[in-house]
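Residues per chain are reported as follows:
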Amino acid sequence: MSEATSLRSWKGVEPQLGARVYIDPACMVLGDVVLGDDSSVWPMAVIRGDMHRIRIGNRTSVQDGSVLHITHASDFNPDGFPLTIGDEVTIGHKAILHGATLGNRILVGMGAIIMDGAVVEDEVIIAAGAVVTPGKRLESGHVYAGNPAKALRPLKEKERAFFPYTAGNYVKLKDEYLAVQEE
């Protein structure tokens, strides 16, 4: 599979990529999706903007096996919910994000689920396996865990420093992958 088959149009709408974006050949990015500069999408991830839009900021990584989708408009939810993700967000392996809004500098733990209409403010850690229920708001500066996700404690300064570190680490790794593709 090549990047050309990883990127798929839907109803005439093509995914849009910022500068220096890495799209793994074994993932799928479909439809109304915009990826910001220096972002990356890793093997087996699916980003499906088929019934609403998905916007992903700069220096954000979508790890292996993650599923990103939207909430379509219907009689039950007339406007639906797009999926919006800010800058320097690290989305852990096998996370599910569905029709939610995430700010900047967030760590979404492995296997976490963020559901329809949820809002995650800037600088939040969501623990592995946590479930953010529909419409829930996670306030900035905390670690959340559990099902349903609840605030455990305020972030430590070392954890705040981790956001740009992990984003930068994945920028470096995707640059290595891009260099190999160019050879």
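Residues numbered from 1 in each chain as written. Predicted model: local features only at pLDDT ≥ 70, side-chain atom pairs only at ≥ 80, totals over all residues. Heavy atoms only, no water.

Under an unreviewed UniProt entry, the protein chain has the name UDP-3-O-[3-hydroxymyristoyl] glucosamine N-acyltransferase and belongs to Halomonas lysinitropha.

**Q** Explain the pattern of salt bridges to me, using residue names and the numbers behind them.
**A** Within the structure shown, the criterion is met by 12 salt bridges. In this structure, R105 engages E123 in a salt bridge whose closest nitrogen and oxygen atoms are separated by 3.0 Å. One end of the pair, R105, is in the loop between strand 12 (101-102) and strand 13 (106-108); the other, E123, is in the loop between strand 15 (119-120) and strand 16 (124-126), and 18 residues separate them in sequence. Since its relative accessible area comes to 17%, E123 is described here as buried. (Salt bridge = Lys/Arg side-chain N within 4 Å of Asp/Glu carboxyl O. Helix = DSSP H or I, 4+ residues; strand = E, 2+ residues; numbered from the N terminus. Buried < 20%, exposed > 50% of the residue type's maximum accessible area, 1.4 Å probe, protein only.)

**Q** Describe unusual backbone geometry, and please don't skip the residues or the numbers.
**A** Residues N147 and P148 are joined by a peptide bond in cis, for which omega reads 5°. Relative to the helices and strands, P148 resides in the loop between strand 19 (142-145) and strand 20 (150-154). Positive phi is not limited to glycine here, since R59 has a value of about 60°.

**Q** Provide a residue-level description of the environment of P82, including the pertinent values.
**A** As for its position among the elements, P82 is in the loop between strand 8 (67-69) and strand 9 (83-85). Separated by 18 residues in the primary sequence, P82 and A100 have C-alpha atoms spaced 6.8 Å apart. Not counting the four nearest positions on each side in its chain, P82 is found in contact with H52, R53, I70, G99 and A100. (Contact = heavy atoms within 4.5 Å.)

**Q** Describe the nonpolar core, listing the residues and the values that go with them.
**A** Grouped together as the largest cluster of nonpolar side chains are 36 residues, with contacts concentrated most on L97, V108, I114 and I126. Secondary-structure elements contributing two or more residues to this core are strand 4 (28-35), strand 6 (46-56), strand 9, strand 10 (89-91), strand 13 and strand 16. Apart from residues no more than four positions distant in its own chain, I114 is found in contact with I96, L97, H98, A100, L102, V108, V120, I126 and V132. Counting five residues, the second-largest nonpolar core is a separate cluster that includes L107, I125, L155 and F163. (Core = buried A, V, L, I, M, F, W, Y, C linked by side-chain atoms within 4.5 Å.)

**Q** Tell me what's going on with the pairing of strand 19, and back it up with residues and numbers.
**A** In this sheet, strand 19 lies alongside strand 16 in parallel orientation, the contact comprising two bridges. If you follow I125 over to strand 19, its bridge partner there is V143. With four bridges connecting them, strand 19 and strand 20 associate as antiparallel partners. In the sheet register, V143 faces strand 20, and the bridge partner there is R153. Counted along the chain from strand 19 to the antiparallel partner strand 20, the turn is four residues long, and its residue G146 has a positive phi close to 100°. (Pairing = 2+ DSSP bridges.)

**Q** Could you give me a rundown of the packing of aromatic side chains, with the residues and numbers involved?
**A** For the structure shown, the criterion picks out five aromatic pairs. Taken together, a centroid distance of 5.7 Å and an interplanar angle of 40° make the contact between F162 and Y165 tilted. Of this pair, F162 and Y165 both sit in helix 2 (residues 157-182), three residues apart, roughly one helical turn. Residue F162 is classed as partly exposed on the basis of its relative accessible area, which comes to 34%. Taken together, the ring pairs in this structure connect Y22, W42, Y170 and Y177 into an aromatic cluster. (Phe/Tyr/Trp six-rings, centres within 6.5 Å; stacked < 30°, edge-to-face > 60°.)

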